[in-house]
Amino acid sequence: MISRKNASISKCIIHKVGNKHNNTKNAFSEKEVHFDEASYELMLPFLLRPFGSVVQSYRFNHHADISLNEINTYSSQMFNEDDAFIETSKHIVKHLFEQSNSAQIKTGDVLIVMFEGIEFNEITTNALGIFKIENKVNFFQTYLENNSYDVLVQKGISSKKVDKGCLILNQTDAEGPIILSADNNNYDAQYWTNHFLNIKYADDANNHTQQYIELCKDFSEDILKISYGNQEQNTFLARTIDFFKENETINVERFKDEIFEEDKHKTLFDDYKKNFESEKDLVIRNQFDVAEAVVKKEKKKIKTEIKLDTNIQIKLDIDAPEASSEYLERGYDDEKKMHYYKVFFNVEA
């Protein structure tokens, strides 16, 4: 996550990127944007807002050598050569154009921006931002003609969210430059992250925590829900989040011992973990530090509801993992030929 309270835009240029599959071409600007006060005050938070809540960071990737990663090279030029900004920004757009490997890749405006005063992990640095605006919105424009006002519809950029964007910090760690990325139009997940930027998640606690929670969520959906029902699934997810909240370090064997009461569930989990790692082409560590920010973010995404075909929903509290097994009982009524849930309580809230 970044702080933008002291951030400013030092350079900005706008180009248009086409698509080689539908013969639309790139269009380049020759001069930087000079904002008036109103547009600047709107543009700065618009561009940086997506990264205020981003928890995980990326690093550049390349199958042979990181120095051959195009965006790594171009960003380094921009940080080190002040007069290279305009020409290098064109190279970035040309590289983006070359990634339009299908007709569904959208054309759009590309904003290349240099920022100053970006705060990340208590360090203040400058950064390069690359943004693609794929969707325009309709808005009404009023105008005066012959002493009367009329209205027409025009298309423009919505100030609510960026379609695709990345922030490359002029700050490195042992893995290289730190990169944040956002993609709100995920119609082609490979296009922006893998093909254009060619980046991978950093090998840190954020990534390890994210991977393990994703494993648990998928296991609960694909195995527990299908084989044992919603109650078992939701209880498992609640216990998982509770385990992450109570431990600073996760040990996989201890996790299984505390979460699963039966050995057969441990075996199911181990088998699923192997398939998960194979499909995702990753290896989940047997022990790693917990990233609290990731746990909080993932907790908000988890839905612990039991939806029944009788238009009744039972919502479970993810912060009370034992409540489901202690106060919720599932059974089958032979007379009605239907399943049922019995809920125990003292008073209605």
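Whatever comes next refers back to the structure up there.
Residues numbered from 1 in each chain as written. Predicted model: local features only at pLDDT ≥ 70, side-chain atom pairs only at ≥ 80, totals over all residues. Heavy atoms only, no water.

Trainee: Please provide a residue-by-residue account of the overall build of the protein chain, values included.
Mentor: In terms of helices and strands, the protein chain carries ten helices and 16 strands. Reported as C-alpha extents along the three principal axes, the dimensions of the protein chain are approximately 75 × 60 × 40 Å. The burial tally for the protein chain puts 44% of its 349 residues in the buried class. Within the protein chain, contacts between residues at least 6 apart in sequence are counted, and of these 66% link residues at least 24 apart. Carbon and sulfur atoms form 46% of the exposed surface of the protein chain, whose accessible area is close to 20,000 Å². On the protein chain, the mean spot of the 43 positive side-chain charges and the mean spot of the 59 negative ones are 4 Å from each other. (Helix = DSSP H or I, 4+ residues; strand = E, 2+ residues; numbered from the N terminus. Buried < 20%, exposed > 50% of the residue type's maximum accessible area, 1.4 Å probe, protein only. Contact = heavy atoms within 4.5 Å. Areas by Shrake-Rupley, 256 points an atom, 1.4 Å probe, with all protein chains shown as cover. Lys, Arg positive; Asp, Glu negative; His and termini not counted. Charge placed at Lys NZ, Arg CZ, Asp CG, Glu CD.)

Trainee: Which residues make up the side chain of glutamate 134, and what values do they have?
Mentor: On the secondary structure map, glutamate 134 appears in the loop between strand S5 (123-133) and strand S6 (137-145). On the accessibility criterion, glutamate 134 (9% relative accessible area) is buried. A polar contact is formed between the side chain of glutamate 134 and the side chain of lysine 132, at a distance of 3.1 Å. Residues in contact with glutamate 134, not counting those within four places in the same chain, are Lys106, Thr107, Asp163, Lys164, Asn185, Tyr187 and Tyr191. (Polar contact = N/O pair within 3.5 Å; in protein donor to acceptor, adjacent residues only side chain to side chain.)

Trainee: Outline the packing of helix H5 (residues 205-228) against helix H6 (residues 230-246), listing residues and values.
Mentor: Following both chains from N to C, one finds H5 and H6 inclined at 160 degrees, their axes separated by 8 Å at the closest point. Considering the angle they form, H5 stands roughly antiparallel to H6. The interaxial crossing formed by H5 with H6 has right-handed handedness. Taking contact as the criterion, the partners of Thr209, Tyr212, Ile213, Cys216, Lys217, Phe219, Ser220, Glu221, Leu224, Lys225 and Tyr228 in H5 are, on H6, Asn230, Glu232, Gln233, Phe236, Leu237, Thr240 and Phe244. (Axes fitted to C-alpha atoms, helices over the stretch in contact; angles between N-to-C directions. Parallel < 35°, antiparallel > 145°, perpendicular 65-115°, else oblique. Left-handed = near helix turned anticlockwise from the far one by under 90°.)

Trainee: Lay out H6 in plain terms, naming residues and giving numbers.
Mentor: The first and last C-alpha atoms of H6 sit 24 Å apart over 17 residues, in line with the 24 Å expected at 1.5 Å per residue. Taken across its 17 residues, H6 has twelve buried, putting it largely inside the fold. (Expected span 1.5 Å × (residues − 1).)

Trainee: Describe the packing of aromatic side chains, and please don't skip the residues or the numbers.
Mentor: For the structure on display, the rule yields 18 aromatic pairs. An angle of 20 degrees between the planes, with centres 4.5 Å apart, marks the rings of tyrosine 58 and tyrosine 201 as stacked. Of this pair, tyrosine 58 sits in strand S3 (residues 58-60) while tyrosine 201 sits in strand S10 (residues 199-201), and the two are 143 residues apart along the sequence. Since its relative accessible area comes to 11%, tyrosine 58 is described here as buried. Ring centres 5.5 Å apart and planes at 15 degrees place the aromatic pair phenylalanine 236 and phenylalanine 260 in the stacked group. Residue phenylalanine 236 is found in helix H6, and its partner phenylalanine 260 is found in the loop between helix H7 (252-259) and helix H8 (263-280); the two are separated by 24 residues along the sequence. Given a relative accessible area of 6%, phenylalanine 260 falls into the buried group. Site record: aromatic cluster; members linked through ring pairs are Tyr212, Phe219, Phe236, Phe243, Phe244, Phe255, Phe260, Phe269, Tyr272 and Phe288. (Phe/Tyr/Trp six-rings, centres within 6.5 Å; stacked < 30°, edge-to-face > 60°.)

Trainee: Tell me what's going on with the nonpolar core, and back it up with residues and numbers.
Mentor: Note that soluble globular proteins tend to have their nonpolar side chains buried in a common cluster. Of all hydrophobic cores here, the largest spans 28 residues; its most connected members are Tyr212, Leu215, Phe219, Phe236, Phe244, Phe255 and Phe269. Looking at this core, the elements that each hand over two or more residues are H5, H6, H7 and H8. A total of seven residues in this core trace back to one element, the largest contributor, which is H5. Look past the residues within four positions of phenylalanine 236 in its chain and what remains in contact with it is Cys216, Phe219, Ser220, Leu224, Phe255, Ile259, Phe260 and Phe269. Tyr58, Phe85, Met114 and Leu128 belong to the second-largest nonpolar core, a separate cluster that totals 27 residues. (Core = buried A, V, L, I, M, F, W, Y, C linked by side-chain atoms within 4.5 Å.)

Note that every value here comes from positions in space, so none of it alone points to a role or purpose.
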